[in-house]
Amino acid sequence: MGRFDDIGKLMLLPLADIEPGQEFSPPTFMLAAAAASLQHTPEQRNWVPIVVQETGDYQYQVVSNHFVYAAANAADLDKVWCIVIDPHEDNIQQAKILSQEIVPKVNLRSASREIIEAALRYVMGQPGSPLKGIDLAKVTNHLEEADKSYWADLSPISTLKCGITKGKKLDALKQVFSLSPLAEGSKPERQKLEDLPTPELKKLAKEYGLAGYSKLKKVELIALLKSVPEIGA
């Protein structure tokens, strides 16, 4: 294990030396047709390589392109073409995204309006989506304009009064949105709250669902906001 000179190489590996990375059950028709296409080519070669990581000496595990692996098994191939990946978490995630095995998530803190809208359209277009019927422009506007620098997770979305409530609708957004972790030392400081104008403080209090903020003065608003663990800690 640890032959790092193999990383990035296109290699012809024995299928018996490769184990699946996850349970994968493609439609029977698709699998049978793909297996037949492998068997009917003179070289019986998979022109789309399987992405694998090394797990031991001459032992590998599928990272992405699980369909190709399943088709090669169904075709009873002896060897398959593979690319050995550096098993860093980010590399594995990228491989799964590019092979469309997982849905990519965008960072809601920095996503543009166009990306936010595209992500919402994707979720709305899924069969049985709980977001069908929402006002796309309204939700997009609220997500773009909200001050997300204080958010620890996506829960404050349910307080924006844009039609996204806790439960299935909020969970649906978790398919496509994430919040990048705050860098060390970048948690909002007390002084930053004091620098915000009163309307912004009230807007922030509203996003966190804090009660009684509308009639508070600036000093009182700051004290109220500091009571929120992710803001005041």
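Now for a look at the structure at hand. Since the model is a prediction, treat every value here as computed from it, not as a measurement.

Looking now at the nonpolar core. In summary, soluble globular proteins display a tendency toward joint burial of nonpolar side chains. Of all hydrophobic cores here, the largest spans 37 residues; its most connected members are Leu108, Leu143, Ile157, Ile164 and Phe177. Those elements that place two or more of their residues in this core are helix H4 (113-124), helix H5 (136-145), helix H6 (168-173), helix H8 (198-207) and helix H9 (218-226). The element that contributes the greatest number of residues to this core is H4, accounting for five residues. Val62, Ala72, Val80 and Cys82 belong to the second-largest nonpolar core, a separate cluster that totals 20 residues.

Below, the discussion takes up the pairing of strand S5 (residues 79-84). Only one face of S5 is buried: it carries Val80, Cys82 and Val84, and the other face, with Lys79, Trp81 and Ile83, is open. Where strand S1 (residues 10-14) lies against S5, five bridges are found, and the strand directions are antiparallel. Residue pairing in the sheet places Pro14 in a bridge with Lys79 of S5. As paired elements, strand S3 (residues 50-56) and S5 share three bridges and run parallel to each other. The residue of S5 that forms the bridge with Val51 is Ile83.

Next up on the list: the sheet that holds S1. Pairing between the strands of a sheet comes from backbone hydrogen bonds, and it takes one of two forms, parallel or antiparallel. Pairing is mixed across the open sheet formed by five strands, whose spatial order is S1-S5-S3-S4-S2. Unpaired on one side and paired on the other, S1 and strand S2 (18-19) mark the two borders of the sheet. Against the sheet, helix H2 (residues 66-74) engages S2, S3, strand S4 (59-64) and S5, with an angle of about 125 degrees to S4. Set on the sheet, helix H3 (residues 89-98) makes contact with S3 and S4; between it and S4 the angle comes to about 55 degrees.

The subject of this paragraph is the packing of aromatic side chains. Taken as a whole and judged by the stated rule, the model has one aromatic pair. Consider the rings of Phe24 and Phe67, whose centres lie 6.5 Å apart with planes at 75 degrees: the pair is edge-to-face. With Phe24 in the loop between S2 and helix H1 (28-40) and Phe67 in helix H2, this pair connects stretches of sequence that are 43 residues apart. Given the relative accessible area of 34%, Phe24 is considered partly exposed.

What follows covers unusual backbone geometry. With glycine set apart, most residues show a phi of negative sign, and most peptide bonds adopt trans. At Gln44, a residue that is not glycine, the phi angle is positive and equals roughly 45 degrees. Note that Gln44 resides in the loop between H1 and S3. Of the residues examined, Gln44 reaches a relative accessible area of 36% and is grouped as partly exposed. Non-glycine residue Asn65 carries a positive phi angle of around 65 degrees. Mapping Asn65 onto the fold places it in the loop between S4 and H2.

Take the packing of H8 against H9 next. For any two helices packed against each other, the geometry is given by the interaxial angle and the distance between the axes. Following both chains from N to C, one finds H8 and H9 inclined at 30 degrees, their axes separated by 10 Å at the closest point. Handedness of the H8/H9 crossing: left-handed. Residues Thr198, Leu201, Lys202, Leu204 and Ala205 of H8 touch H9, and the partners they reach there are Lys218, Leu221, Ile222 and Leu225.

This brings us to the pattern of salt bridges. Taken as a whole and judged by the stated rule, the model has three salt bridges. A salt bridge links Arg121 to Glu117; its shortest N-O distance comes to 3.1 Å. Linking Arg121 with Glu117, this pair stays in helix H4, spanning four residues, or about one helical turn. The class for Glu117 is partly exposed, based on a relative accessible area of 23%. The shortest N-O distance in the salt bridge between Lys174 and Asp171 comes to 3.4 Å. Owing to a relative accessible area of 39%, Lys174 belongs among the partly exposed residues under this scheme. Overall, the relative accessible area of 41% leaves Asp171 in the partly exposed class.

Cut-offs applied
Residues numbered from 1 in each chain as written. Predicted model: local features only at pLDDT ≥ 70, side-chain atom pairs only at ≥ 80, totals over all residues. Heavy atoms only, no water. Core = buried A, V, L, I, M, F, W, Y, C linked by side-chain atoms within 4.5 Å. Buried < 20%, exposed > 50% of the residue type's maximum accessible area, 1.4 Å probe, protein only. Helix = DSSP H or I, 4+ residues; strand = E, 2+ residues; numbered from the N terminus. Pairing = 2+ DSSP bridges. Contact = heavy atoms within 4.5 Å. Axes fitted to C-alpha atoms, helices over the stretch in contact; angles between N-to-C directions. Phe/Tyr/Trp six-rings, centres within 6.5 Å; stacked < 30°, edge-to-face > 60°. Left-handed = near helix turned anticlockwise from the far one by under 90°. Salt bridge = Lys/Arg side-chain N within 4 Å of Asp/Glu carboxyl O.

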